[in-house]
Amino acid sequence: MKENIRNFDISQIEQIVLSMGEPRYRAIQVFRWLYQKGAETFTEMSDVPEKLRYNLGQKYTAKFLEPVQTLISKDGTKKFIFKLYDNNFIESVMIPEKDRNTVCISTQVGCKYNCVFCASGKLGFVRNLEVAEILGQLLYIRFKENIKISNAVFMGMGEPFDNYDALIKAIRIINARDGVNIGARKITVSTAGIVPKIMEFADMGWQVRLSISLHASDDATRSLLMPVNRKYPLSDLLDACNYYVSRTGRRITIEYILIDGINDAEKHLYGLGKISKRFRADVNVIPLSKIRNSSFSPPSTEKINWFINSLKKMGIRATLRDSRGSDIDAACGQLAGARSCACG
Ligand code: SAH
């Protein structure tokens, strides 16, 4: 099988071009075709010499991913189920809003972490996505659906920091002016709290946003919900957040799913308030989305409002994230690849 050329960054494409006996500057032409014009073949790269086009085509492909199913929610959210070359499935979501279109990207098939409230973890871990598969989701939506994308969030299936090198490479290409050209501040990585990778990411000194899936403010509750907390308990996680904030000068976002009777009491609220104030973090409160075979449910609307308003009274920038696309299982935590695919 031919390798996808989108697995390579610009300096690697330069090496490829040089090895084919062509000058270095041809690489940037190829790169622009791949990301700015959305070429899926080398043949269409009209300002690239025919010999180079031929040689590239002999060794590589330039395909995006192909969806086997596209679902459209009442609220306009679209979910794409993509089939990979090894017959695995992943999902991506496009969320249209008044002033922006956000694409929610997957980084793995399945996930190792098995958070109790999340459908992706129920699949178990299958494999990391390649760089081209990460980019292929976004490029399909950009060029085949012809949707201008303003924001990219790594909040689909999988743990981005578990596929660190591919993630970093993909972000560089998404951010590059000759690439997809989405500003760093419009790119968000969300993590379940992989401490060493948070530190490594901080050392990049990027403007890319970091979201922490906190979901509980004490170790007992967090370990119950997120087994990863046993490996990286709150004290370590919060130290890593502190490091990130001091290193980058950027605020972090805390994601907090509200689950009825589990993490929505007054003591949880105060714990969350204290943590958020320590970092001047923004807080995204997300009422739990229902997933199959789970007894957890979101609290009542009154409780949700009380929780958010109390955070605001503490001086915290708290917002309710209405999980979009729940009627097509496209909301946070509902992405499950093959499981939800009628054709899988
Ligand atoms: N593994 C990363 C990336 C996934 S992002 C992470 O944990 O951050 C998906 C977001 O949706 C995470 O904040 C996750 O905790 C949240 N989520 C998972 N299941 C959910 C559910 N049932 N309802 C609402 N949010 C959920």
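Structure first, text after, so check above.
Residues numbered from 1 in each chain as written. Predicted model: local features only at pLDDT ≥ 70, side-chain atom pairs only at ≥ 80, totals over all residues. Heavy atoms only, no water.

Give me the overall build of the protein: which residues, what numbers.
Counting its regular elements, the protein contains 12 helices and 14 strands. On C-alpha atoms alone, the protein measures out to a radius of gyration of 21 Å, which is about the 20 Å that the 2.2 N^0.38 rule sets for 344 residues. Its C-alpha atoms give the protein principal-axis dimensions of roughly 70 × 45 × 35 Å. Sorting the 344 residues of the protein into buried and exposed places 57% on the buried side. Taking all contacts inside the protein whose residues are at least 6 apart in sequence as the whole, residues at least 24 apart take part in 66%. Across the protein, the mean location of the 49 positive side-chain charges is 3 Å away from that of the 36 negative side-chain charges. (Helix = DSSP H or I, 4+ residues; strand = E, 2+ residues; numbered from the N terminus. Rg over C-alpha atoms; globule rule 2.2 N^0.38 Å. Buried < 20%, exposed > 50% of the residue type's maximum accessible area, 1.4 Å probe, protein only. Contact = heavy atoms within 4.5 Å. Lys, Arg positive; Asp, Glu negative; His and termini not counted. Charge placed at Lys NZ, Arg CZ, Asp CG, Glu CD.)

How would you sum up the side chain of N4? Please name residues and give values.
Considering the arrangement of structural elements, one finds N4 in strand β1 (residues 3–4). Accessibility expressed as a relative area gives 12% for N4, which makes it buried. In terms of polar contacts, N4 uses its side chain to reach the backbone amide nitrogen of R6, at 2.9 Å. A distance of 2.9 Å separates the side chain of N4 from the backbone oxygen of K63, its partner in a polar contact. Apart from the residues within four sequence positions on either side, N4 is in contact with T61, A62, K63 and A132. (Polar contact = N/O pair within 3.5 Å; in protein donor to acceptor, adjacent residues only side chain to side chain.)

Explain the packing of helix α7 (residues 195–203) against helix α10 (residues 234–248) residue by residue, including any values.
Contact geometry of α7 with α10 gives a least axis separation of 9 Å together with a crossing angle of 5°. In this view, α7 runs roughly parallel relative to α10, as classed from their interaxial angle. Across the interface between the two elements, V195, I198, M199, F201, A202 and D203 from α7 touch D236, L237, A240, Y243, Y244, R247 and T248 from α10. Of the residues in the contact of α7 with α10, the class split is 9 nonpolar, 1 polar and 3 charged. (Axes fitted to C-alpha atoms, helices over the stretch in contact; angles between N-to-C directions. Parallel < 35°, antiparallel > 145°, perpendicular 65-115°, else oblique. Nonpolar A, V, L, I, M, F, W, Y, C, P; charged D, E, K, R; others polar.)

Tell me about the packing of aromatic side chains, residues and numbers included.
As enumerated under the stated definition, the model contains 12 aromatic pairs in all. With 5.8 Å between their ring centres and 50° between their planes, F161 and Y164 make a pair best called tilted. By the burial criterion, F161 is buried, and Y164 matches it. Ring centres 5.5 Å apart and planes at 20° place the aromatic pair Y256 and F307 in the stacked group. Placement of the pair is Y256 in strand β12 (residues 253–258) and F307 in helix α12 (residues 301–313), with a sequence separation of 51 residues. A relative accessible area of 0% places F307 in the buried class. Ring-pair connections join several aromatic residues into one group, and the members of that group are F161, Y164, F201, W206 and Y244. The ring of W33 has K37 sitting right over it, with the charged end atom 3.9 Å from the ring centre. (Phe/Tyr/Trp six-rings, centres within 6.5 Å; stacked < 30°, edge-to-face > 60°. Lys NZ or Arg CZ within 6 Å of the ring centre and 35° of its normal.)

Break down the environment of L214 for me, citing the residues and quoting the values.
Mapping L214 onto the fold places it in the loop between β11 (209–213) and α8 (219–225). Spatially, the C-alpha atoms of L214 and L272 are 8.9 Å apart, while their sequence positions differ by 58 residues. Setting aside residues up to four positions removed in sequence, L214 forms contacts with R222, M226, L234, L237, I254, E255, L272 and I275.

Run through the site of the ligand, naming residues and quoting values.
Taken together, 20 residues surround the ligand, and among them F117, S190, S213, H215 and S289 come closest. One nitrogen or oxygen atom from the main chain of G158 is found 3.1 Å from a nitrogen atom belonging to the ligand. Side-chain polar atom of S213 to an oxygen atom of the ligand: 2.6 Å apart, as the coordinates give it. In the complex, the protein chains occlude 95% of the 540 Å² of accessible area that the ligand would expose alone. Listing elements by their share of the shell around the ligand, those giving two or more residues are β10 (187–191) and β12. Of the residues belonging to the shell around the ligand, the class tally is 10 nonpolar, 8 polar and 2 charged. (Near = heavy atom within 4 Å. Areas by Shrake-Rupley, 256 points an atom, 1.4 Å probe, with all protein chains shown as cover.)

Can you break down the packing of helix α11 (residues 266–279) against α12 residue by residue, with the values?
As a packed pair, α11 and α12 sit with axes 10 Å apart at the nearest point and diverge in direction by 35°. Here α11 and α12 pass one another in a crossing that is right-handed. Each of E266, L269, L272 and G273 in α11 lies in contact with α12, whose residues at this interface are W306, F307, S310 and L311. Of the residues contributing to the contact of α11 with α12, the split by class is 5 nonpolar, 2 polar and 1 charged. (Left-handed = near helix turned anticlockwise from the far one by under 90°.)

Tell me about helix α3 (residues 50–59), and please be specific about residues and values.
Looking at α3, one finds that the buried residues are L52, R53, L56 and G57. Mapping the buried residues of α3 onto a view down its axis gives an arc of 130°, with all of them on the same face. Those residues of α3 that are exposed and aimed more than 90 degrees away from the buried face are E50, K51, Y54 and K59. For α3, the secondary structure elements touched by its buried residues are α1 (10–19), α2 (26–35) and β2 (60–61). (Arc of directions from axis to C-beta.)

Describe in detail α12, supporting the description with residues and values.
For α12, which comprises 13 residues, the first-to-last C-alpha distance of 18 Å matches the rise-based estimate of 18 Å (1.5 Å per residue) to within 8%. For α12, every residue scored as buried is listed here: I304, F307, I308, S310 and L311. Viewed end-on, α12 has its buried residues packed into an arc of 160°, placing them on one side of the element. Turned more than 90 degrees off the buried face of α12, the exposed positions are T301, E302 and K313. If you follow the buried residues of α12, they end up packed against β12, α11, β13 (282–287) and β14 (318–320). Looking one or two places after α12, you find G315, whose phi comes out positive at around 85°. (Expected span 1.5 Å × (residues − 1).)

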